[in-house]
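Understanding the architecture of this molecule
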Amino acid sequence: SLPMATAASRRGRWCVARALCTKQLEFGGGGLEAGLKGGEVSSSCSHLAAAAGGITTSFRTGRWSSQSQSAASAASGMTSTGFAAAGLMVGGFVATLNQTPIQAEASSSSHRNVPIGRNEVADAAEAVAPAVVNLAVLARTGGGLFGVGGGHDREGVVAATGSGFIIDTKGVCVTNAHVVRGAASTKLRVTLHDGRTVEGQVVAADAASDIAVVQLDEKRAPYPCVKLGRSDNLRAGEWVVALGSPLHLSNTVTVGIISNVTRRASDLGMGGAARARMAYLQTDAAINQGNSGGPLCDLDGRVVGVNTMKALGADGVSFAIPIDEARRVVTQLLDHGRVRRPYLGMKLLELNAGICESLRTSTGTPFPPKECERGAVLLPHVHPGAPADRCGLHSGDVIVKVNEKDVTGVQSVLDPLEPGKKVHFEVVRRDETTRKGFVRLCVVVQAEEMRGG
């Protein structure tokens, strides 16, 4: 039998196999030699060590067949196709990881291929955990038996609980608005990772984005705080770690991947003008009641999302608010006490090759042009008298650039908009004179602040 995997296995982490190259992978004293040709994996021999057992597998066209299996893990019940040691894969599956080293202040970043080892998840969780808190909304009740009857008012009945994370050493904490709903006039009991309890007060909350800011007792500062990453360069399939207190179980860590990076509010049946611009990260990391408001972080230990909800009646379908959006909301809540959202008064439709071809067929014209197939945004309707109408935009216009940058979807049109700020749209418009071509023009728009959204 092969020797047990030890700390030395960290030097033999799983590596990402690339097409037309051969890599030697070491794992717990065994090795796997895999040659990839045109995306097909072939292996003459592989030996994988898992605890005190070994597995011999062969890979062909993405499938694996076990020739012999004797993998065992005493006291853990690990199977040959399961995860081991929080992120280590055994049983013939090659774990692939593309990590994103990100700085919140960086203007750009690139993905790097990094092998995943048995301690990657634990290290990420360890970096974030000290700044993760449990929030309890305390209801004010009477002082008698069961909270009914005379006596002095007292605080202590927990009306709601959730999670949060500290972003500033002075005690600024981010959580979900629904966690602290109705707590503006009551105190919060905040339990830190090390078991200490402090008081918290809601500074401001935004129901549309479901983000709230809580100030912890400044007299107890300094507090541990998280590092904020970026969510604009996340890709489906990247590993993420969720932390929080689901079902009152504090200091809980779960792991999964990003399933989708732009799950729109409309896809989830969420309406409202203010929510129209929201897009969520979808993950299969376990998120349950009590996880709300906790951080979703990458394997570099940087927060990339705020856990917020899961699909009822489904496992592995959870959602988080992207940290880029959360950062914008938090900044406005701290600066203005509310979120100032832009209003132009127009409907948006993201174009692709199929929609463009359908429009060209139905009109019998070459409009929209080919360039619009890469995510340009059509305006199906512009409300009469709205800011967009007053600025010169028409129903049927297609926005192809915003501030000289190519439009690659609805979000790239919405993100630059701020109330009172001038934004340059480059649009293509159907030539109604000849009905055979189109004209290109620049329109300067200035959004107003949305009211009652």
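Rules behind the numbers
Positions within a chain are numbered from 1, following the residues in the order the chain's sequence is written. Given that this is a predicted model, residues contribute local features only at a pLDDT of at least 70 and side-chain atom pairs are listed and counted only at 80 or more, while totals for whole chains, interfaces and linings are drawn from all residues. Hydrogens and water molecules were not included; the side-chain quantities draw on all heavy atoms of the structure. We count a stretch as a helix when DSSP gives it H or I for four or more residues in a row; a strand needs E for two or more, and each element gets its number in order from the N terminus. Burial classification: accessible surface area is computed with a 1.4 Å probe over protein chains only, and a residue below 20% of its type maximum counts as buried, one above 50% as exposed, and the rest as partly exposed. All accessible areas in this document rest on Shrake-Rupley with a 1.4 Å probe, and a residue is counted as covered only by the protein chains that are shown. Note on definitions: salt bridges are taken to be side-chain nitrogens of Lys or Arg within 4 Å of carboxyl oxygens of Asp or Glu. Residues count as neighbours in contact if any of their non-hydrogen atoms are within 4.5 Å of one another. Criterion for a disulfide: a pair of cysteine sulfur atoms at a distance within 2.5 Å. Two strands pair if DSSP finds at least two bridges between them. Values of pLDDT, ranging from 0 to 100, describe the predictor's confidence in every residue of the model. In this text, buried Ala, Val, Leu, Ile, Met, Phe, Trp, Tyr and Cys residues form a nonpolar core when linked through side-chain atoms within 4.5 Å.

1. Focus: the overall build of the chain
- In terms of regular secondary structure, the chain is built from five helices and 31 strands.
- Across the 453 residues that make up the chain, the buried fraction comes to 46%.
- Put simply, the chain shows about 22,000 Å² of open surface, and 51% of that area lies on carbon and sulfur atoms.

2. Considering the pattern of salt bridges
- Using the criterion set out here, one finds 17 salt bridges in the structure.
- Asp206 serves as the salt-bridge partner of Arg341, at 2.5 Å between the closest nitrogen and oxygen. With Arg341 in the loop between helix 2 (323-336) and strand 24 (342-343) and Asp206 in strand 15 (residues 197-206), the pair connects residues that are 135 residues apart, well separated along the chain. As far as burial versus exposure is concerned, Arg341 and Asp206 are alike and both buried.
- Salt-bridge contacts for Lys370 lead to Glu373; the nearest nitrogen and oxygen are separated by 3.6 Å.
- With relative accessibility at 58%, the residue Lys370 sits in the exposed group.
- Residues participating in the shared-partner salt-bridge network are Glu357, Arg360, Lys370 and Glu373.

3. As for the side chain of Glu449
- Looking at the element boundaries, Glu449 is found in strand 31 (residues 448-449).
- The residues contacting Glu449, other than those within four sequence positions of it, are Arg338, Arg340, Arg341, Tyr343 and Pro419.

4. Some words on the state of the cysteines
- According to the stated counting rule, one finds zero disulfides in the structure shown.
- Cys372 carries a free sulfur, and the closest cysteine sulfur to it, the one in Cys356, is 5.6 Å from it.

5. Some thoughts on the environment of Arg328
- Structurally, Arg328 is set in helix 2.
- Residue classification places Arg328 among the partly exposed positions, given a relative accessible area of 37%.
- Taking the C-alpha atoms as reference, Arg328 lies 8.9 Å from Val339; in sequence the two are eleven residues apart.

6. Quick look at the pairing of strand 22 (residues 302-310)
- Within strand 22, seven of the nine residues are buried, which leaves the element mostly enclosed by the surrounding structure.
- With two bridges joining them, strand 17 (residues 227-228) and strand 22 adopt parallel strand pairing. Counted as the bridge partner of Leu228 is Val303 from strand 22.
- Direction of pairing for strand 21 (residues 295-297) relative to strand 22: antiparallel, over a ladder of three bridges. When the sheet's bridge partners are listed, Cys297 is paired in strand 22 with Val303.
- As judged from the five bridges shared by strand 22 and strand 23 (residues 318-322), these two strands associate in the antiparallel manner.

7. Considerations on the confidence of the model for the chain
- For the chain, mean pLDDT is 75; residues scoring 70 or higher make up 68% of the total.
- Note on residues 1-103: pLDDT under 50 across the span, and 206 contacts to partners over four residues away in sequence or across chains.
- Predicted confidence is poor over residues 143-153, with pLDDT under 50, and the contacts of this stretch with residues over four places away or in other chains come to 14 contacts.

8. What about the nonpolar core?
- Of all hydrophobic cores here, the largest spans 52 residues; its most connected members are Val180, Leu188, Val190, Ile211, Leu216, Val241 and Leu243.
- If sequence neighbours within four positions are ignored, Val241 has contacts with Val121, Ala124, Ala125, Val253, Thr254, Val255, Pro295, Leu296, Cys297 and Leu299.
- Val377, Leu393, Ile399 and Val423 belong to the second-largest nonpolar core, a separate cluster that totals 20 residues.

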